[in-house]
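Breakdown of the fold
These are the residues of each chain, in order.
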Amino acid sequence: MTDADEGKGLARPATLKDIARALKVDISTVSKVLTGGISVKPETRRAILDEAQRLNYRPHALARNLRTRRSGALGILLPNLMNPVYAAIVRGAVHRAEELGYVMLVADVDDEATSTSVYLKLVSERRIDAMIIAVSTQSPEFVSAIENNPIPHLFVNRRSKIGGHSVTVDDFAAGYLAAKTFAEYGHTRLAFIGASDELDTAQRRRAGFLKGVREAGLPPFIDAVGPYSRRGGYESMTSLIEAKWGVTGIFASNLLVGIGALAAALARKVNVPAEMSIITLDAEDAVYTSPPLTAIQTSLEEMGARSVDEVDAMFRGQEPSDVVIETPPTLIVRGSLAPPPKG
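Reading guide: rules and limits
Residues numbered from 1 in each chain as written. Predicted model: local features only at pLDDT ≥ 70, side-chain atom pairs only at ≥ 80, totals over all residues. Heavy atoms only, no water. Phe/Tyr/Trp six-rings, centres within 6.5 Å; stacked < 30°, edge-to-face > 60°. Helix = DSSP H or I, 4+ residues; strand = E, 2+ residues; numbered from the N terminus. Buried < 20%, exposed > 50% of the residue type's maximum accessible area, 1.4 Å probe, protein only. Axes fitted to C-alpha atoms, helices over the stretch in contact; angles between N-to-C directions. Parallel < 35°, antiparallel > 145°, perpendicular 65-115°, else oblique. Left-handed = near helix turned anticlockwise from the far one by under 90°. Contact = heavy atoms within 4.5 Å. Expected span 1.5 Å × (residues − 1). 1 Å grid on protein atoms, 1.4 Å probe; cavity = no way out; pocket = protein on both sides within 12 Å on 5 of 7 lines; lining within 4 Å. Points joined across faces, edges and corners; volume = space filled by probe spheres on them. Nonpolar A, V, L, I, M, F, W, Y, C, P; charged D, E, K, R; others polar. Pairing = 2+ DSSP bridges. Salt bridge = Lys/Arg side-chain N within 4 Å of Asp/Glu carboxyl O.

1. Remarks on the packing of aromatic side chains
Any aromatic ring pair is given by two values, namely how distant the centres are and how the planes are angled relative to each other. Tallying each qualifying case throughout the model produces six aromatic pairs. For the pair Tyr-102 and Phe-315, a centre-to-centre distance of 6.0 Å together with 50 degrees between the ring planes defines the contact as tilted. A residue pair is termed long-range when its members are at least 10 positions apart, and Tyr-102 in the loop between helix H6 (84-100) and strand E2 (103-108) and Phe-315 in helix H13 (residues 300-315) qualify at 213 residues. Exposure remark for Tyr-102: the relative accessible area of 5% places this residue in the buried category. When its relative accessible area of 7% is taken as the criterion, Phe-315 is described as buried. Ring centres 5.8 Å apart and planes at 40 degrees place the aromatic pair Phe-192 and Phe-209 in the tilted group. With Phe-192 in strand E6 (residues 190-194) and Phe-209 in helix H10 (residues 200-215), this pair connects stretches of sequence that are 17 residues apart. Ring-pair connections join several aromatic residues into one group, and the members of that group are Phe-192, Phe-209, Phe-221 and Phe-251.

Written as structure tokens, this is what we have:
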């Protein structure tokens, strides 16, 4: 049995010494690499990181924090914790943070002004070692706060034009699947309820939906743009119904939008799905509407967990990357989907 095998087989967690013995390098070299040191040959650094991963090495939290002057806490900025989509993302992030020995501070902010003040407070008081950002970054003040008070950070469920890596699901594939499903059910008059062009998740879902519509040879769909909220979905659906365009298939590209759209259809006495079908994005609340909403399910908890993995990798000296969760979106057919009315 080799030293590496012995280290991997021990009941105790792997240590710096196990890695050093396996690679026949000085323990100080291993420590330097795993605490962010850069004055090590690239090939040595790569070998140490690979061996640490193979042995599932995790630094002792207290010793790590004393040595690196870290707090051991991560922060996550959310636009609305009451949104079940973000609740699922946080659940995945918090569970993974606990597994890796971190504490997760969750900040639910109302707007970008609040995002700025919360970010500055957490960073200036050194309460967190890294920030996971799920809020919009359109505000110049928020952008300035990040640029002038930098800490390790990444974006989850969105990409940002200001720079910084991200963890997202395959929103394009979700939109494509929605269009493909409507075509398979025989719908030809479709509408897309999305958000403003500033929201990149909506852009990607719309791009996928557009591709699916074109591939199916369907007429151009109707765009309805509004806030990513229940009210936004309600108002967009109301406008579509009142315009009398003959739309029979609605892709509400956010769960809250889907709930609002369904409520508007019911309020206007539009039978779902006999007269109009709705597909939305899934979180567990979609099953509790009446009728239950057909939805494209994406890996929300996995996305939250992976965001913590990427932050942890930054601390261990690995280069960050843009991650798109490989688990493909899946269709969950419920009561809001049927073929279009005849005639």
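2. Notes on the packing of helix H2 (residues 16-23) against helix H4 (residues 42-54)
The geometry of H2 relative to H4 is characterised by a closest axis approach of 10 Å and an angle of 125 degrees between their N-to-C directions. Judged by the inter-axis angle, H2 sits oblique to H4. Here H2 runs over H4; the crossing is right-handed. In this structure, H2 contributes Ile-19, Ala-22 and Leu-23 to the contact, and H4 contributes Ala-47, Ile-48, Glu-51 and Ala-52.

3. Some remarks on H6
Think of an α-helix as turning once every 3.6 residues; residues three or four places apart then point the same way. The terminal C-alpha atoms of H6 lie 24 Å apart, and with 17 residues this matches the ideal 24 Å at 1.5 Å per residue to within 8%. Three or more residues of H6 are buried, namely Pro-84, Val-85, Tyr-86, Ala-88, Ile-89, Val-90, Gly-92, Ala-93, Ala-97 and Leu-100. Once H6 ends, the next one or two residues include Gly-101, with phi positive near 90 degrees.

4. Let's talk about the layout of surface pockets
Any empty space left between the atoms is revealed when a probe the size of a water molecule rolls over them. As a volume, the second largest pocket reaches approximately 220 Å³. Surrounding the second largest pocket, 13 residues form its lining, Ala-88, Arg-91, Ala-283, Glu-284 and Leu-300 being those nearest its centre. With four residues, the top contributor of residues to the lining of the second largest pocket is H6. Residues of the lining of the second largest pocket, tallied by class, amount to six nonpolar, two polar and five charged.

5. Digging into unusual backbone geometry
Each neighbour pair has its own omega, and for Val-272 with Pro-273 the value is 15 degrees, a cis peptide bond. Structurally, Pro-273 can be placed in the loop between helix H12 (255-267) and strand E9 (277-281). Positive phi outside glycine occurs at Lys-24, with the angle close to 60 degrees. At Lys-269, a position not held by glycine, the phi torsion is positive, near 60 degrees. Along the chain, Lys-269 falls in the loop between H12 and E9.

6. A word on the pairing of strand E5 (residues 165-168)
The pairing of strand E4 (residues 153-156) with E5 spans three bridges and is classified as parallel. Within the sheet, the bridge partner assigned to Leu-154 lies in E5 and is His-165. Relative to strand E11 (residues 323-324), E5 runs parallel, the two sharing two bridges. Across the sheet, residue Val-167 finds its bridge partner in E11, namely Val-323.

7. Concerning the sheet that holds strand E3 (residues 130-133)
Taken together, the six strands give an open sheet; going across it, the order is E2-E1-E3-E4-E5-E11, and neighbouring strands pair in parallel fashion. Looking at the sheet topology across the chains shown, the edges are occupied by E2 and E11. Two elements, strand E1 (residues 73-78) and E3, share four bridges in a ladder whose sense is parallel. Of the residues in E3, the one forming a bridge with Leu-77 is Ile-133. Sheet strands touched by H6: E1, E2 and E4. Its angle to E2, the strand with the most contacts, is close to 160 degrees.

8. Side note on the side chain of Thr-181
Along the chain, Thr-181 falls in helix H9 (residues 171-185). Every residue in contact with Thr-181, bar those within four places of it in the chain, is listed here: Ile-279, Leu-331 and Leu-337.

9. Some remarks on helix H11 (residues 230-243)
The first and last C-alpha atoms of H11 sit 20 Å apart over 14 residues, in line with the 20 Å expected at 1.5 Å per residue. Buried within H11 we find Gly-232, Gly-233, Ser-236, Met-237, Thr-238, Leu-240 and Ile-241. Buried positions along H11 lie against E6, strand E7 (222-225), strand E8 (249-252), H12 and E9. Positive backbone phi, approximately 55 degrees, marks Lys-244, located one or two places after H11.

10. Thoughts on the pattern of salt bridges
A complete count under the given rule lists 14 salt bridges for this structure. In this structure, the salt-bridge partner of Asp-223 is Arg-206, at a minimum N-O distance of 2.6 Å. Of this pair, Asp-223 sits in strand E7 while Arg-206 sits in helix H10; the two residues are 17 residues apart in sequence, bridging distant segments of the chain. Given a relative accessible area of 36%, Asp-223 falls into the partly exposed group. Arg-206 gets classed as partly exposed once you look at its relative accessible area, which sits at 28%.

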